[in-house]
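One letter stands for each residue in the lines below.
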Amino acid sequence: MSIRKLTKHVLASLAIAATMLVAGCASPSAPAETEKALPTLTSGKLTIGTGQPAYEPWVVGDAPENGGGFEAAVAYAVAEELGFAPADVVWVRTTFDEAIAPGLKNFDFNLQQYSITDERKAAVDFSSPYYETTQTVITVKGSKAAAATTVGDLKGLLIGAATGTTSFTAIEDVIKPTAGAKAFNSNDDAKAALQAGQVDAIVVDLPTALYLTAVELDGGKIVGQLSGAASGDRFGLVLDKGSKLTAAVTAAVDALRESGKEIKNHTLAHLDLYLERYEQKVKDSGGHVHFAVDSAEARNIVLDICRQAGARTVTKGKSMISEEIGLNAHLEAAGIVPVETARRRT
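Cut-off values and rules
- Residues numbered from 1 in each chain as written.
- Predicted model: local features only at pLDDT ≥ 70, side-chain atom pairs only at ≥ 80, totals over all residues.
- Heavy atoms only, no water.
- Helix = DSSP H or I, 4+ residues; strand = E, 2+ residues; numbered from the N terminus.
- Contact = heavy atoms within 4.5 Å.
- Salt bridge = Lys/Arg side-chain N within 4 Å of Asp/Glu carboxyl O.
- Buried < 20%, exposed > 50% of the residue type's maximum accessible area, 1.4 Å probe, protein only.
- Core = buried A, V, L, I, M, F, W, Y, C linked by side-chain atoms within 4.5 Å.
- Pairing = 2+ DSSP bridges.
- Right-handed = clockwise from strand over helix to strand, strands pointing away.
- Expected span 1.5 Å × (residues − 1).
- Phe/Tyr/Trp six-rings, centres within 6.5 Å; stacked < 30°, edge-to-face > 60°.

To continue, consider the environment of Val 289. Here Val 289 is to be found in the loop between helix 9 (271-284) and helix 10 (295-308). Along the primary structure Val 289 and Glu 276 are separated by 13 residues, whereas in three dimensions their C-alpha atoms are 10.0 Å apart. Aside from chain neighbours lying at most four places away, what touches Val 289 is Tyr 278, Glu 279 and Val 282.

We now examine the pattern of salt bridges. Evaluated as defined, the whole model comprises nine salt bridges. Note that Lys 191 and Asp 188 form a salt bridge whose closest N and O atoms lie 3.9 Å from each other. Of this pair, Lys 191 and Asp 188 both sit in helix 6 (residues 187-195), three residues apart, which is roughly one turn of the helix. Here Lys 191 falls in the buried class, since its relative accessible area comes to 14%. Accessibility expressed as a relative area gives 28% for Asp 188, which makes it partly exposed. Between Lys 261 and Glu 258 there is a salt bridge, with its nearest N and O atoms 3.5 Å apart. Residue Lys 261 and its partner Glu 258 are both found in helix 8 (residues 246-269); the two are separated by three residues, about one turn of the helix. Several salt bridges share partner residues, and in doing so they unite Asp 188, Lys 191 and Glu 216 into one network.

The next thing to look at is helix 7 (residues 206-216). Residues spaced three or four apart along an α-helix point in a common direction, a consequence of the helix completing one turn every 3.6 residues. In terms of burial, helix 7 is largely enclosed, as eleven of its eleven residues are buried. When helix 7 is considered as a whole, its buried residues turn out to be Leu 206, Pro 207, Thr 208, Ala 209, Leu 210, Tyr 211, Leu 212, Thr 213, Ala 214, Val 215 and Glu 216. Of the surrounding secondary structure, the elements contacted by the buried residues of helix 7 are strand 6 (131-140), helix 6, strand 9 (201-205), strand 10 (220-226) and helix 11 (320-325).

By size, the foremost hydrophobic cluster in this structure holds 28 residues, and its most contacted members are Val 78, Leu 82, Phe 109, Leu 111 and Tyr 130. Within the residue set of this core, elements represented by two or more residues are strand 2 (46-51), helix 2 (70-82), strand 3 (89-94) and helix 8. Contacts of Tyr 130, omitting those with residues within four sequence positions, involve Phe 70, Glu 71, Val 74, Leu 111, Gln 112, Gln 113, Tyr 114, Phe 235, Gly 236, Leu 237 and Val 253. In terms of nonpolar packing, the next biggest core, distinct from the first, is built from 17 residues, Ile 171, Val 174, Ala 201 and Val 223 among them.

Turning our eyes to something else, we now look at the pairing of strand 7 (residues 159-162). Sheet topology places strand 7 next to strand 9; two bridges connect them, and they run parallel. Note that in strand 9 the partner of Ile 159 across the bridge is Ala 201. You can see the chain leave strand 7, run along helix 5 (residues 166-175) and come back into strand 8 (residues 182-184), and the turn it takes is right-handed.

Okay, the pairing of strand 2 next. Within strand 2, six of the six residues are buried, which leaves it mostly tucked inside the rest of the structure. Relative to strand 3, strand 2 is paired through six bridges, and the arrangement is parallel. Bridging from a neighbouring strand, Thr 47 pairs with Val 90 of strand 3. The parallel pair strand 2 and strand 3 is bridged by helix 2, and the resulting crossover is right-handed. By the bridge criterion, two bridges tie strand 2 to strand 4 (residues 109-110) in an arrangement that is parallel. Its bridge partner lying in strand 4, Gly 49 is registered against Asn 110.

In this model, Gln 52 is joined to Pro 53 through a cis peptide bond whose omega is 0°. In this structure, Pro 53 sits in the loop between strand 2 and helix 2. With an omega dihedral of 5°, the bond running from Glu 56 to Pro 57 counts as a cis peptide bond. One non-glycine residue, Asp 62, lies in the positive phi region at around 55°. Structurally, Asp 62 can be placed in the loop between strand 2 and helix 2. The class for Asp 62 is partly exposed, based on a relative accessible area of 24%. Its identity as a non-glycine residue notwithstanding, Lys 176 has a phi of 50°, on the positive side. Looking at where Lys 176 falls in the secondary structure, it is placed in the loop between helix 5 and strand 8. For Lys 176, a relative accessible area of 53% translates into the label exposed.

So, about helix 8. Given a rise of 1.5 Å per residue, 24 residues ought to cover 34 Å, and the 35 Å separating the end C-alpha atoms of helix 8 matches this to within 8%. Thr 246, Ala 248, Val 249, Thr 250, Ala 252, Val 253, Leu 256, Ser 259, Gly 260 and Thr 267 are the residues of helix 8 that are buried.

Moving on to the environment of Asp 189. As for its position among the elements, Asp 189 is in helix 6. Overall, the relative accessible area of 35% leaves Asp 189 in the partly exposed class. Sequence separation of Asp 189 and Ala 162 is 27 residues, and the distance between their C-alpha atoms is 7.8 Å.

Attention now goes to the packing of aromatic side chains. Each aromatic ring pair is specified by the distance between its two centres and by the angle formed by the two planes. For the coordinates displayed, the defined rule picks out nine aromatic pairs. Taken together, the aromatic side chains of Trp 58, Phe 70, Tyr 130, Tyr 131 and Phe 235 make up a single cluster linked through ring pairs.

Shown next as C-alpha cells:
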C-alpha cells in the first residue's frame, strides 16, 4: 500500500475551502423544529460539548463561544439550523474518552473530531458526518521519515499518535511498524515527542496535519496521506445513545452539507468571474496577481521575482500552499535561502 502525495492545486483548494466555509457560515434553511419543541438538556438552551482544551484549527484560542475555528462555526451553524440563537448556546468541556463512554451526558451533542466507527456506535449516537478526511503522516526536516515515499519506508521507524483515535488505528492497521504504534495522551503530546526526536513521525487527520506543519512545527513536513479504506475518517457529532435529538441534529447537518454543495458548485461554475473580481481588488490596492497553470509555473514565478530583486535570502510566511508546491526546495536549489515566519499559539 502506498502513500499518496499531496498534489492539490490552488483551484481545488478554493473549492474545498468554499465547502468547509459553508458548513460554518451558510445561511441555513428553515429549522425543522424550534428550540421549544426539542427535548434538550436544558429547556430553551442547546448545550454543546468540546475538548479541554480545544485545539486549533478546530477551535481558535480554546474559546468555542467566540465561534472561531471550523468546529466552533459548525456548532453555531447547527444550532441556528435547529432554531437556537447564539445566546442560547451553552458550552461545556469533556475529555475525548469521556464523551464517547456509555452513560448519561452533560451535553446535547459534542464535537472534537470524533470518527464514526461501529465500536463507538455501540455506546453513543452519531449525526451524519460533518467532515470527511484522511489520515496523514507528518514529520520534521532531518527526521528519518522525511524521505519516505512508501508505507514500507515507515515500517522500521518509530510512528506515534494519540491513543484511542483512528490515527492510532491507522498506524496499527496500515503502516504496521516493527516497533508497534507509539501511544500518546493527545496530539499535543505526540507533537512534542516528534519535536524532541522521540518518534520519527506522527499520524493525524489531514486538517490537523496541514495546520501543524504550516504553523506549529519548525521544519514541519507532510510525508503523505495513508491510502486504503481503513484509514479514512468521517467526523460526526456525538449524542447520548438513543437521544431524541439525533434525527433533528442529523437533519441539520444534512441541510448544511447540501447548502455547501450548492455554494461549491456555483463557485466552480463561475470561478473565472470570482478570480477576476479578486484580481481587480488587488490591483485597486496597488498589488499584482500572478496566475499559474500548475505548481511548476507557480514556483518559477516566485523565483523570477526573487531574481529580479537580487534576493539571496527571502522571508516568507509559512503556508500550506507553499508546502504543497515545494516552493522552499525550489528556492534553495536556486541558491536562495527561505526564512519562514509562523504564528504560534500562546
